[in-house]
Amino acid sequence: METARNDFLGRSLTVINDLNVDEQLFLYRQTHRLKQKWSNKEDLSEFMINKNVGIYIVFIEPSTRTKESFINAAKFHKNAKVTIFDSNHSSFNKKESYVDTFNMLTGYSDYSIFVLRTKLEGTTKLLSESVSKFAIRNNLPIPSFINAGDGKHEHPTQELLDEFTFLEKNNFDNSFIHIALVGDLLHGRTVHSKVNGLKIFKNVKVDLIAPQEISMPLHYIEKMKKNGFEVRIFDSIENYLKQKDIAKIWYFTRLQLERMGEDILEKEFILRKAVTFKKDFLTLLPQNVKFYHPLPRHKIYPTIPTFLDDLPLNGWEKQAINGYWTRIILLSMFGGALKTNFDLTPQKEKKDEEFIINAPITNGTKGVQKDGKRGIKPIANGTIIDHIAKGKSSDEIYSTIMKIRKIMKLYDIDSADGIFKSEDGNLKGYISLPDRYLSKKEIKKLSAISPNVTVNIIKDSRVTEKYRIKLPPKVYGFEELRCKNENCITNPIHGENVKGSFIKDENGNLVCEYCETPHNYDEIWNI
């Protein structure tokens, strides 16, 4: 019988969901204990890493606040070896492979923890996967990776300190939270992390306050609703305050001008006005409201103006200090100093849904002509792929046929293809492959390239096997796959030679496994 596991060694935090709710609550309880012991001047050694651990602070994108917070949190662990890189470090400016660089660093300590900030989204996930394989091949301990912010994707350690701060305000009651998210919700990775981070509360109401141009992306709103959150949307603080149900927790973000296109920048003044708090609004607030902000604020146009600094509304200063404490505990967990009293053994993945379905064979023939309409030319033996791009235009159908041929390398064999009308009047395409039988592996591949087709295996002029194929739960392994997000680590322009990988969500979208950008089916193929 497998022994229950209660340590976090070899775990990574690439997105907030890498820690489940129980694990996050464990971190928050330990942070609370640490702060209390420190306040009482008690011994803190139980929280300190006591083995040969190398903590690498690697900031390829410039940062002050998060970087210094991590440096000081790492130095709390006196036995750890702390190495600090910055955005000007030569090894990251010579087009060297990220994977090779971190593989090399992994061998320098008994155990390694990497804290990484980069503009490229999904980088920590890629490194966690690739460097783990390197460690296993070379009989080294699997290192931990911590995402300290990747582009406009996520900032999970900011989410940890935010959620801890919200719990402190609620006297550690996690039964309910009502929160207003205000500002640049389009580019703000800290608010994107809240889509899953707020799940530590049993009931959640979220008010999204932003003009349409910088509003929360739809796929994040859908995730919130799927998580059971009540979501309300407002286009400005002024309009939000016209109604009576006002949140006691407000979370502001700055306008991230460096990530905006020219079309949005032209409206900068209007956008700022919509999400900047004004003195006139003070009398409209209920009692005991607290404002929070991931900091730093814009020095000229802060969404939380400095006249609020001395008011009881100021929650952002204690929030920022909490970054030090939560990051100490995160490093304690990943460095093996803190263990849980519950089982951390990874859960077995659920069995994939069936996407290749046996279909009934009606009369065993394929391709007869009916009512003078042209059908598929019959073959004696081989495979017919039918219903290709059914219902689409002839150009779209022909393009799909060519895509199937190219990716499955069916262009150099004796075959035929065509477009004709089905009995319901819709156009559809087919490919006829005489004396060529698609294997089950190839049919799986076809399901990713062109779902909703029918595959007929024909022997002695009779259909002996028939399959209807759907889009599989995961599409990966093809050279032709590409994430459309140019800031994703898998995008070919970055030269990391990472194949795209996409997970089907409940709406049928294909979500990049690295940067979590949603795609429709046609957008994932680079042909």
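Residues numbered from 1 in each chain as written. Predicted model: local features only at pLDDT ≥ 70, side-chain atom pairs only at ≥ 80, totals over all residues. Heavy atoms only, no water.

In plain terms, the rule: UniProt positions are given in the numbering used here, feature names are shortened, and annotations may be inferred rather than shown by experiment.
Named according to an unreviewed UniProt entry, the chain is Aspartate carbamoyltransferase originating from Marinitoga aeolica. UniProt annotates the chain under Catalytic activity (unreviewed entry) with the comment "carbamoyl phosphate + L-aspartate = N-carbamoyl-L-aspartate + phosphate + H(+)".

## A look at the overall build of the chain
Counted only if it meets this: Numbering of helices and strands starts at the N terminus; helices are DSSP runs of H or I of at least 4 residues and strands are runs of E of at least 2. We call two residues in contact whenever any of their non-hydrogen atoms come within 4.5 Å of each other. Only the protein chains shown count as cover for residues, and the accessible areas themselves come from Shrake-Rupley with a 1.4 Å probe. Only four residue types enter the tally: Lys and Arg on the positive side, Asp and Glu on the negative side, with His and both chain ends excluded. To locate a charge, the coordinates of NZ of Lys, CZ of Arg, CG of Asp or CD of Glu are taken.
The helix and strand inventory of the chain stands at 13 helices and 19 strands. The principal-axis extents of the C-alpha atoms in the chain amount to approximately 85 × 60 × 45 Å. Within the chain, contacts between residues at least 6 apart in sequence are counted, and of these 74% link residues at least 24 apart. In the structure as shown, the chain presents an accessible area of about 25,400 Å², 48% of it carried by carbon and sulfur atoms. If you average the places of the 78 positive and of the 68 negative side-chain charges in the chain, the two averages end up 1 Å apart.

## Here we look at the UniProt feature "domain: Aspartate carbamoyltransferase regulatory subunit C-terminal" (unreviewed entry) in the chain
Per the UniProt annotation, the sites labelled "domain: Aspartate carbamoyltransferase regulatory subunit C-terminal" (unreviewed entry) are residues 474–524. The span residues 474–524 is 0% helix and 24% strand, and its two end C-alpha atoms sit 12 Å from each other.

## Thoughts on the sheet that holds strand β7 (residues 230–234)
Just so we agree on the cut-off: Two strands qualify as a pair provided that DSSP identifies no fewer than 2 bridges between them. Here the axes come from fitting lines to C-alpha atoms, over the contacting stretch only for helices, and the angles between their N-to-C directions go from 0 to 180 degrees.
The sheet built from five strands is open, its strands ordered β7-β6-β5-β8-β9 with parallel pairing. In this open sheet, the two strands that pair with only one neighbour each are β7 and β9 (290–292). Between one strand and the next, the sheet's axes are offset by a mean angle of 20°, whatever the strand orientation. Pairing of strand β5 (residues 177–182) with strand β6 (residues 204–209), which is carried by six bridges, proceeds in the parallel orientation. Following the sheet pairing, isoleucine 177 is matched in β6 by valine 204.

## Quick look at the side chain of threonine 165
Heads up, the condition is: Relative accessibility under 20% of the residue-type maximum defines a buried residue, over 50% an exposed one, and the middle range a partly exposed one, all with a 1.4 Å probe and only protein chains included. Polar contacts, as used here, are pairs of N or O atoms within 3.5 Å; protein pairs need one atom able to donate a hydrogen and one able to accept it. Residues neighboring in sequence count only if both atoms are side-chain atoms.
Mapped onto the elements of the fold, threonine 165 is located in helix α5 (residues 156–169). Judged by its relative accessible area of 5%, threonine 165 is buried. Polar contacts involving the side chain of threonine 165 include one to the side chain of asparagine 322, which spans 3.0 Å. Excluding anything up to four places from it in sequence, threonine 165 contacts Tyr292, Gln319 and Asn322.

## Looking at the confidence of the model for the chain
Convention followed: Confidence scores per residue from the predictor, reported as pLDDT, run from 0 to 100.
With 91% of its residues at a pLDDT of 70 or more, the chain has an overall mean of 88. A low-confidence stretch, residues 367–374 stays under pLDDT 50, and its non-local contacts, those more than four residues away or across chains, total ten contacts.

## Observations concerning the pattern of salt bridges
Heads up, the rule is: Only one rule defines a salt bridge in this text: a Lys or Arg side-chain nitrogen within 4 Å of an Asp or Glu carboxyl oxygen.
Following the criterion strictly, the structure yields 24 salt bridges and no others. Across the salt bridge formed by lysine 37 and glutamate 46, the nearest N and O atoms sit 3.6 Å from each other. Exposure remark for lysine 37: the relative accessible area of 18% places this residue in the buried category. For glutamate 46, a relative accessible area of 35% puts it in the partly exposed group. As a salt-bridge pair, lysine 223 and glutamate 516 come within 3.6 Å of each other at their nearest N and O atoms.

## Topic: the packing of aromatic side chains
Each aromatic ring pair is described using two quantities: the centre-to-centre distance and the angle formed by the ring planes. Note the cut-off: Within 6.5 Å between ring centres, the rings of Phe, Tyr and Trp (the latter by its six-membered ring) count as paired, and their orientation is classed by plane angle as stacked under 30 degrees, edge-to-face over 60, tilted in between. Two conditions define a charge located above a ring, namely a distance within 6 Å from the ring centre to NZ of Lys or CZ of Arg, and an angle within 35 degrees of the ring normal.
What the rule picks out here adds up to 24 aromatic pairs. Each residue in the set Phe234, Tyr240, Trp250, Phe252, Phe277, Phe281 and Phe291 is aromatic and connected to the rest through ring pairs, giving one cluster. Just above the ring of phenylalanine 307 sits the side chain of lysine 279; from NZ or CZ to the centre is 5.3 Å. The ring of tyrosine 476 has lysine 474 sitting right over it, with the charged end atom 4.9 Å from the ring centre.

## Overview of the environment of isoleucine 249
Note that isoleucine 249 resides in strand β8 (residues 249–252). Since its relative accessible area comes to 3%, isoleucine 249 is described here as buried. For the pair isoleucine 249 and lysine 169, spaced 80 residues apart in the sequence, the C-alpha separation amounts to 8.9 Å. Those residues in contact with isoleucine 249, other than ones at most four positions away along the chain, are Phe166, Lys169, Asn170, Ile177, His178, Ile179, Ala180, Lys290 and Tyr292.

## Digging into helix α12 (residues 394–407)
For the record, the criterion: To estimate the expected span of a helix, subtract one from its residue number and multiply by 1.5 Å.
In this model, α12 (14 residues) spans 20 Å end to end at C-alpha, consistent with the 20 Å of a helix rising 1.5 Å per residue. All of the buried residues along α12 are Ile397, Thr400, Ile401, Lys403, Ile404, Arg405 and Ile407. In the core, the buried residues of α12 are packed alongside β11 (382–388), β12 (416–421), β13 (427–434) and α13 (440–449).

## Thoughts on the packing of helix α1 (residues 21–39) against α5
When two helices pack together, their arrangement is captured by the angle between the axes and the distance separating the axes. As a reminder of what qualifies: What sets the label is the angle itself: under 35 degrees gives roughly parallel, over 145 gives roughly antiparallel, 65 to 115 gives roughly perpendicular, and the rest give oblique. Working rule for handedness: look at the near helix, and if it is turned counterclockwise from the far one by less than a right angle, call the crossing left-handed; if clockwise, right-handed. For this scheme, ten residues count as nonpolar: Ala, Val, Leu, Ile, Met, Phe, Trp, Tyr, Cys and Pro. Four count as charged, namely Asp, Glu, Lys and Arg, and the remainder, Gly too, count as polar.
Contact pair α1 / α5: the axes reach a minimum separation of 10 Å and the direction vectors enclose 70°. The angle between α1 and α5 places the two elements in the roughly perpendicular class. For the pair α1 and α5, the sense of crossing is right-handed. Listed contacts from α5 to Gln24, Leu25, Leu27, Tyr28, Thr31, His32 and Lys35 of α1 are Glu159, Leu160, Glu163, Phe164, Leu167 and Glu168. A per-class count over the contact of α1 with α5 returns six nonpolar, three polar and four charged.

## Describing unusual backbone geometry
A cis amide bond, omega 0°, links leucine 295 with the succeeding residue proline 296. With respect to the element layout, proline 296 can be found in the loop between β9 and α11 (316–334). Of note in this structure, asparagine 171 is not a glycine but carries a positive phi near 55°. Mapped onto the secondary structure, asparagine 171 falls in the loop between α5 and β5. Phi at asparagine 497 takes a positive value of approximately 55°, unusual for a residue other than glycine. Its location among the elements puts asparagine 497 in the loop between β16 (474–476) and β17 (501–504).

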